[in-house]
Amino acid sequence: MPTIPGLDETARAIIADGKGILAADETVSTITKRLTARAIESTADSRRAYREMLFSTPGLTAFIGGVILQDETIRQDSSTGIPLIELLAGRGIIPGIKVDTGVHPLAGAPGEFVAEGLDGLRDRLEEYRELGARFAKWRAVFIIRDGLPTAKCIHANAHALARYAALCQEQGLVPIVEPEVLMEGAHALERCEDVTGRVLQAVFNELFDARVSLEGMLLKPNMVTAGQGSARQAPVEEVAEATLRVLTRHVPPAVPGVVFLSGGQDHVLATEHLNAINMLDGPKPWTLSFSYGRALQDEALEVWRGQRERVPAAQQVFHHRAWCDSAAALGRYSGDMEGEAGFAPPDSTPHAPH
Ligand code: 13P
């Protein structure tokens with residue numbers, strides 16, 4: 001597995017100096033649900049306005065090193081006629097693209113799913129690279145239930161993740177490998193730890209067999225938590241310890257960075273968990289940062305509500321959350337940062353979105 005210089009540098013640049021990733025790659029159907037839940041009409045233009053509001057947030061570049069786009073957004077122009085992808089790149093934020101085509105029922109495995117999108121992927125990656133993407137993302141999901149996930153589901157998804165990652169590297173894009181053990185269910189933290197370990201082990205076995213360069217990729221896993229429906233939610237410290245334990249056992253140190261998904265966690269809790277993981281003693285050979293979707297965006301979407309005059313207020317709460325998450329990626333977050341004190345809103349507006 002040779003290292004690939006350009007890819008290694010890109011992977012490290014995305015997560016340098018406490019920076020993380022904004023996952024803004026919700027499919028049209030997912031973002032439509034989030035917009036309509038807040039009485040915002042979902043049109044190509046409202047989705048563009050929402051993403052532009054996020055991407056043009058003043059001061060964001062100190063905390064966000066990469067943004068994951070999806071197919072519609074990567075082709076859209078800003079209100080001032082600049083392609084959104086150029087708006088990001090011009091600010092020094094590395095653009096990436098979601099390339100799986102979603103999860104579908106896995107034949108012969110009732111209740112389980114496989115992420116699809118390998119057919120024609122080489123050509124799509126080539127086109128996205130020409131549009132300016134420098135990394136890609138593929139998300140597989142695993143459900144915890146009695147007897148699930150099955151070995152068959154774990155293997156099918158791990159194999160697809162490895163084929164995707166190898167194709168990305170061939171095409172000069174850094175693969176973000178995202179095996180997500182879902183939080184849905186009433187399982188205990190210990191069960192999540194066991195399943196997450198099995199999934200990560202299978203994924204790295206497949207990545208090895210596919211000759212993927214570990215130095216030129218990022219891993220995007222779930223944290224180890226109890227299921228959302230469990231009566232016992234583990235304290236922050238316990239989540240941190242279990243998460244670091246599972247990474248230590250199953251993720252090779254050659255991987256430069258682990259960027260956690262938020263998976264439906266409350267935004268403050270997602271910040272606290274990341275900070276606690278970074279505060280733990282013991283070897284942490286990877287940069288441990290964030291690639292949050294909902295935990296970064298929810299407050300901003302709530303404030304924005306599709307109204308142009310609310311853009312500065314929405315950008316301010318988004319900037320605040322990115323500031324907290326970046327501090328957590330450095331193990332320097334404290335609850336005091338949630339209040340007004342210590343938060344200096346940026347005062348320059350590089351782009352004024354409409
Ligand atoms: P969440 O942080 O909302 O889980 O989203 C991250 C992501 O990219 C899911 O694929």
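Refer to the structure presented above.
Residues numbered from 1 in each chain as written. Predicted model: local features only at pLDDT ≥ 70, side-chain atom pairs only at ≥ 80, totals over all residues. Heavy atoms only, no water.

Let us now look at helix 8 (residues 189-209). Given a rise of 1.5 Å per residue, 21 residues ought to cover 30 Å, and the 30 Å separating the end C-alpha atoms of helix 8 matches this to within 8%. A positive phi of about 60 degrees marks Arg211, the residue just after helix 8. (Helix = DSSP H or I, 4+ residues; strand = E, 2+ residues; numbered from the N terminus. Expected span 1.5 Å × (residues − 1).)

Let us now look at the sheet that holds strand 1 (residues 20-23). If you walk around this closed barrel you meet the eight strands as 1-2-3-6-7-8-9-10, and the pairing is parallel. Note that strand 7 (residues 174-181) and strand 8 (residues 218-219) share two bridges and pair parallel. Each residue of the ladder has a partner; that of Ile176, found in strand 8, is Leu218. (Pairing = 2+ DSSP bridges.)

It is worth spelling out the packing of helix 10 (residues 267-279) against helix 12 (residues 311-329) at this point. In a pair of packed helices, the angle between the axes and the distance between the axes together describe the arrangement. The N-to-C vectors of helix 10 and helix 12 enclose an angle of 20 degrees; their axes lie 7 Å apart at closest approach. In this view, helix 10 runs roughly parallel relative to helix 12, as classed from their interaxial angle. Contacts between helix 10 and helix 12 involve His267, Val268, Thr271, Leu274, Asn275 and Asn278 from the first element and Arg321, Cys324, Asp325, Ala327, Ala328 and Ala329 from the second. Per-class residue counts for the contact of helix 10 with helix 12 are six nonpolar, four polar and two charged. (Axes fitted to C-alpha atoms, helices over the stretch in contact; angles between N-to-C directions. Parallel < 35°, antiparallel > 145°, perpendicular 65-115°, else oblique. Contact = heavy atoms within 4.5 Å. Nonpolar A, V, L, I, M, F, W, Y, C, P; charged D, E, K, R; others polar.)

Taken as a whole and judged by the stated rule, the model has three aromatic pairs. The interplanar angle of 40 degrees and the centroid separation of 5.6 Å between the aromatic rings of Phe290 and Tyr292 together place this pair among those described as tilted. Its relative accessible area of 0% is what places Phe290 among the buried residues. By relative accessible area, Tyr292 is classed as buried at 0%. (Phe/Tyr/Trp six-rings, centres within 6.5 Å; stacked < 30°, edge-to-face > 60°. Buried < 20%, exposed > 50% of the residue type's maximum accessible area, 1.4 Å probe, protein only.)

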